[in-house]
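Per-entry structural report
If you want the building blocks of each chain, they are given just below.
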Amino acid sequence: MTEAQGGGSTHIDVVCPFCGLGCDDVSLKIDGLAVEAGEGACGRAAALFRRSQASNPAPRVGGSDASLDEAIAAAADLLAGARAPFHAGLGTDVDGVRAVIKLAGKVGGGVDHYASAGLFRNLSTAQRKGWVATTLAEVRNRCDLLVVVGPDPSESFHRLYDRVTPAKGRFVEGVRRVVFLGGEPTAEAKTQLAGAKVETISVPEGGLVDCLSRLHALVAGTPAASGDPDIGPLATSLKAAKYGVLAWSAASLGSDGDLVVERAAAVVDALNVETRAACLPLAGRDNLIGANQTFLWNVGFPLRTAFSGGVASHDQTLNATEAALAEADVLVWTSSFRPELPPESDARLIAIAHPATKFEREPDVFIPVGQPGLDHAGLAFRTDTVVAIPLGKHRDSGLPSVADVLKRILEQHR
Ligand code: SF4
């Protein structure tokens, strides 16, 4: 919805695409090219939406300004001579991901999202053992005991508790409890949790897997070794809860994150024998979840899939960005939500990227693109995977989308 105002306009109920919570109550004040976020935007969203009246940079080829046509031709030329291209970043909407898949299918090479490490931690448990996962709305309406496993996810998902633990849940009787297991709520989180009973259980460094293993044994009714901390009272509370939820942000778990996720999912499984419980596995920055979903329905494999001779093959180790870049000779970097930097690499660089990106090394080809949800409409996925969030166009910047640019590069590919 838009309201005209003096020299500009105010757009209300704007959907925010950045962290995966998909807050849809953000207001934006637009005046020409300038953008200022107001109500509903967390600090991260306000910084990422902010734009000045300064005009956007021109595309560049070899460090010199070029027309869009020249930059597209140069990118197509570079890809025509590529022996081992790799497609990374992938910070784009669903149409942009589709276009990356089409380009990679034609020119070859693997595809990964820059923030996929946490997603694969979650997927490794979901693929091997399955899990009972829930949605943001279910937590909000039904969860009477939320256990936050590991570091506070609201450091990355800023309005998390505003969204999932308001003082009153539709079907929650009494005061909601939130227990931080092995982490501390941030000051902002404490404010958002004002209506809930908040507790913290300290866990010695590296002790989260052991702690969750003992919790699993206790809720499953099998003998559990004693240890530090005493996890018995939490097990009792979870068994007594009507709808317990274990939430985590896999990206912020340590090197044993895979095991933490596996044990947390096992606790939820055991609880479901006698009561109701679910996991809330958080991941999703810059449409990570949408990129993975788009891969699943278009290719049949998740991210970290490579194309060669028209055949797709998935390998989550070999096709991870860092590993694949050791062999790549051309890196196609896409990042339209924020000025994320491409990883260090000796590969030639085609950057289809946010106009404010400050590169550490000048790309061979740089094409500035618009942000989905500001400069053009598009679709992204929320962190709980069940909702595709429609992103709107709120200003005329003249910047093309990632999908537009990649389609034109593909048309010119020989
Ligand atoms: S919490 Fe996430 S979705 Fe909500 S305003 Fe902040 S960055 Fe945007």
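Computed from a predicted model, the values in this text were never measured in an experiment.

1. Points about the overall build of the protein
When its secondary structure is counted, the protein shows 13 helices and 20 strands. The C-alpha atoms of the protein give 23 Å as radius of gyration, which agrees with the globular expectation for 414 residues (22 Å, within 12%). Counting only C-alpha atoms, the protein reaches 65 × 55 × 35 Å along its principal axes. Counting every position in the protein, which comprises 414 residues, the buried fraction comes to 52%. Of the contacts formed within the protein by residues at least 6 apart in sequence, a portion of 64% connects residues at least 24 apart.

2. Overview of the pairing of strand 18 (residues 365-368)
A two-sided burial pattern is seen for strand 18, the buried positions comprising Val 365 and Ile 367 on one face and Phe 366 and Pro 368 on the other. Alignment of strand 17 (residues 348-353) against strand 18, held across four bridges, turns out to be parallel. Note that in strand 18 the partner of Ile 350 across the bridge is Val 365.

3. Things to note about helix 2 (residues 68-80)
Its 13 residues place the ends of helix 2 18 Å apart at the C-alpha level, agreeing with the 18 Å of an ideal helix rising 1.5 Å per residue. Among all positions of helix 2, only Ala 71, Ile 72, Ala 74, Ala 75, Leu 78 and Leu 79 are buried. The buried side chains of helix 2 occupy one side of the element, clustering within an arc of 160 degrees when seen end-on. Away from its buried face by more than 90 degrees, helix 2 exposes Asp 69 and Ala 80.

4. Quick notes on the sheet that holds strand 14 (residues 305-308)
Pairing is mixed across the open sheet formed by nine strands, whose spatial order is 6-5-18-17-16-7-8-14-15. Looking along the sheet, the strands with just one partner apiece sit at the ends: strand 6 (64-65) and strand 15 (311-314). As paired strands, strand 5 (residues 60-61) and strand 18 are joined by two bridges and run antiparallel to one another. Pairing of Val 61 across the sheet is with Val 365, part of strand 18. Sheet contacts for helix 2: strand 5, strand 7 (85-91), strand 16 (330-335), strand 17 and strand 18; angle to strand 18, the most-contacted strand, approximately 135 degrees.

5. Some points on the site of the ligand
In the vicinity of the ligand lie 14 residues, with Cys 16, Cys 19, Cys 23, Cys 42 and Ala 45 positioned nearest. Classifying every residue of the shell around the ligand by side-chain character gives 10 nonpolar, two polar and two charged. Residue-level mapping places the shell around the ligand at the junction of two domains, with at least three residues from each of domain 1 (2-49) and domain 3 (119-283).

6. Describing the pairing of strand 3 (residues 26-31)
With burial as the criterion, only one face of strand 3 is covered, namely that bearing Val 26, Leu 28 and Ile 30; the residues Ser 27, Lys 29 and Asp 31 on the opposite face remain uncovered. In this sheet, strand 3 lies alongside strand 2 (residues 8-14) in antiparallel orientation, the contact comprising four bridges. Residue pairing in the sheet places Val 14 in a bridge with Val 26 of strand 3. Of the strand pairs in this sheet, strand 3 and strand 4 (residues 34-37) are connected by four bridges, and their pairing is antiparallel.

7. As for the packing of helix 3 (residues 94-107) against helix 13 (residues 402-412)
In the contact formed by helix 3 and helix 13, the axes pass within 8 Å of each other and the chain directions differ by 20 degrees. When the interaxial angle is binned, helix 3 and helix 13 end up roughly parallel. As for how helix 3 packs across helix 13, the hand of that crossing is left-handed. When helix 3 is examined against helix 13, the residues Asp 95, Gly 96, Arg 98, Ala 99, Val 100, Lys 102, Leu 103 and Lys 106 are found in contact with a partner set consisting of Val 402, Ala 403, Leu 406, Lys 407, Ile 409 and Leu 410. Here the contact of helix 3 with helix 13 is composed, by residue class, of eight nonpolar, one polar and five charged.

8. Focus: the environment of Asp 31
Along the chain, the position of Asp 31 falls in strand 3. Separated by 189 residues in sequence, Asp 31 and Ala 220 place their C-alpha atoms 59 Å apart. Not counting residues up to four positions away in its chain, the partners in contact with Asp 31 are Gly 7 and Gly 8.

9. Section: the domain arrangement of the protein
Taken domain by domain, the protein consists of domain 1 (2-49), domain 2 (60-115 + 286-412) and domain 3 (119-283). Each of domain 1 and domain 2 has a C-alpha centre, and the two are 25 Å apart. Tallying the contact residues gives 14 residues for domain 1 and 20 residues for domain 2. Among the elements of the structure, strand 2, strand 3 and helix 1 (43-49) are those that each provide at least two residues to the side of domain 1 that touches domain 2. Here the side of domain 1 that touches domain 2 is composed, by residue class, of 11 nonpolar, three polar and no charged.

10. Some details on the nonpolar core
In terms of nonpolar packing, the biggest core is built from 131 residues, with Val 245, Leu 246, Ala 264, Val 267, Leu 331, Ile 350 and Ile 352 touching the most fellow members. Considering every element that reaches this core, the biggest residue donor is helix 10 (residues 257-271), with nine residues. Not counting chain neighbours up to four residues away, the residues in contact with Val 245 comprise Thr 134, Val 139, Cys 143, Leu 146, Ala 277, Ala 278 and Leu 280.

11. Comments concerning the environment of Ala 351
With respect to the element layout, Ala 351 can be found in strand 17. Judged by C-beta crowding, with 25 C-beta atoms within 10 Å, Ala 351 ranks as buried. The residues touching Ala 351, leaving out its near neighbours within four places in the chain, are Trp 333, Pro 342, Thr 357, Phe 359, Pro 363 and Phe 366.

12. What to know about the sheet that holds strand 13 (residues 277-282)
Read from one edge to the other, the open sheet built from five strands follows the order 11-10-9-12-13, with strand pairing classed as parallel. In the strand order of this sheet, the two ends are held by strand 11 (197-201) and strand 13, each with one partner. Looking at each pair of strands side by side, their axes are set apart by 20 degrees on average, direction ignored. Where strand 12 (residues 244-249) lies against strand 13, six bridges are found, and the strand directions are parallel. Residue pairing for strand 13: Gly 244 is matched across the bridge by Ala 277. Those strands touched by helix 9 (residues 232-240) are strand 9 (145-149), strand 10 (177-181), strand 11, strand 12 and strand 13, and its axis lies near 135 degrees from that of strand 9. Across the sheet, helix 10 lies against strand 9, strand 12 and strand 13, angled at about 155 degrees from strand 13, the strand it touches most.

Cut-offs applied
- Think of each chain on its own: its residues are numbered from 1, step by step along the sequence as written.
- Local features in a predicted model are, by the rule used here, given only for residues with pLDDT of at least 70; side-chain atom pairs are given and counted only at 80 or more, and totals for whole chains, interfaces and linings are based on all residues.
- Helix and strand definitions follow DSSP, with helices as H or I runs of at least four residues and strands as E runs of at least two, each counted in order from the N terminus.
- Our radius of gyration is a C-alpha quantity, and the globule rule it is checked against amounts to 2.2 Å times the number of residues to the power 0.38.
- Three exposure classes are used, all based on how many other C-beta atoms lie within 10 Å of a residue's own C-beta (placed from the backbone): buried at 20 or more, exposed at 12 or fewer, and partly exposed between those limits.
- Placing C-beta atoms from the backbone, we regard two residues as in contact once those atoms come within 7 Å.
- Note on pairing: DSSP must find at least two bridges between two strands before they are called paired.
- In this analysis, the expected span of each helix is defined as 1.5 Å times one less than the number of residues it contains.
- Working definition: the arc comes from the directions between the helix axis and the C-beta atoms, pointing outward to the latter.
- Note on method: axes are straight lines fitted to C-alpha atoms, helices fitted across the in-contact stretch only, with angles between N-to-C directions ranging 0 to 180 degrees.
- Proximity of a residue to a molecule or strand is defined by its backbone-placed C-beta atom lying within 6 Å of that partner.
- Three residue categories are used. Nonpolar comprises Ala, Val, Leu, Ile, Met, Phe, Trp, Tyr, Cys and Pro, charged comprises Asp, Glu, Lys and Arg, and polar comprises the others, including Gly.
- Each domain's extent was defined by an automatic or database domain assignment.
- When describing relative orientation, an angle under 35 degrees is termed roughly parallel and one over 145 degrees roughly antiparallel, while 65 to 115 degrees is termed roughly perpendicular and anything else oblique.
- Rotating anticlockwise by less than a right angle from the far helix to the near helix defines a left-handed crossing, while the corresponding clockwise rotation defines a right-handed one.
- Put simply, a nonpolar core is a cluster of buried Ala, Val, Leu, Ile, Met, Phe, Trp, Tyr and Cys residues tied together by C-beta atoms within 7 Å.

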